[in-house]
Amino acid sequence: MEWISTKIRFPKEGKQVLTACKNKNMEDGIWLYDLCYYYQDTGWEDRINWEDVLYWTYIDEPKQN
């Protein structure tokens, strides 16, 4: 899995991704993660937390033996 900075690029529209955000209200700035979708006209959708998305990655399908 490769984390991609939102400063570099955004995911394909309508594809579910895992996002990483830093909690700005906590002193230690813990990481928060969401499964959500990105759309160019509306941004990130179906999120649970509302911090700024810093990184995202596509979700790999489970490998079958």
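Residues numbered from 1 in each chain as written. Predicted model: local features only at pLDDT ≥ 70, side-chain atom pairs only at ≥ 80, totals over all residues. Heavy atoms only, no water.

One can find Y37 in strand β3 (residues 31-39). Note: C-alpha distance between Y37 and Y55 (18 residues apart in sequence) is 13 Å. Residues in contact with Y37, not counting those within four places in the same chain, are G14, K15, Q16, G43, W44, E45 and D46. (Helix = DSSP H or I, 4+ residues; strand = E, 2+ residues; numbered from the N terminus. Contact = heavy atoms within 4.5 Å.)

Taken together, five strands build an open sheet; the order of strands is β1-β5-β2-β3-β4 and the sheet is antiparallel. Bordering the open sheet on either side are β1 (4-5) and β4 (43-45), each of which pairs with just one other strand. Sheet topology places β1 next to strand β5 (residues 53-58); two bridges connect them, and they run antiparallel. If you follow I4 over to β5, its bridge partner there is W56. (Pairing = 2+ DSSP bridges.)

Applying the stated criterion across every chain, the model contains three salt bridges. Two residues, K24 and E51, come together in a salt bridge whose shortest N-O distance is 3.8 Å. Taken together, the residues span a long stretch of sequence, with K24 in the loop between β2 (16-22) and β3 and E51 in the loop between β4 and β5 at a distance of 27 residues. Taking the relative accessible area as the measure of exposure, K24 reaches 56% and is therefore exposed. Taking the relative accessible area as the measure of exposure, E51 reaches 13% and is therefore buried. (Salt bridge = Lys/Arg side-chain N within 4 Å of Asp/Glu carboxyl O. Buried < 20%, exposed > 50% of the residue type's maximum accessible area, 1.4 Å probe, protein only.)

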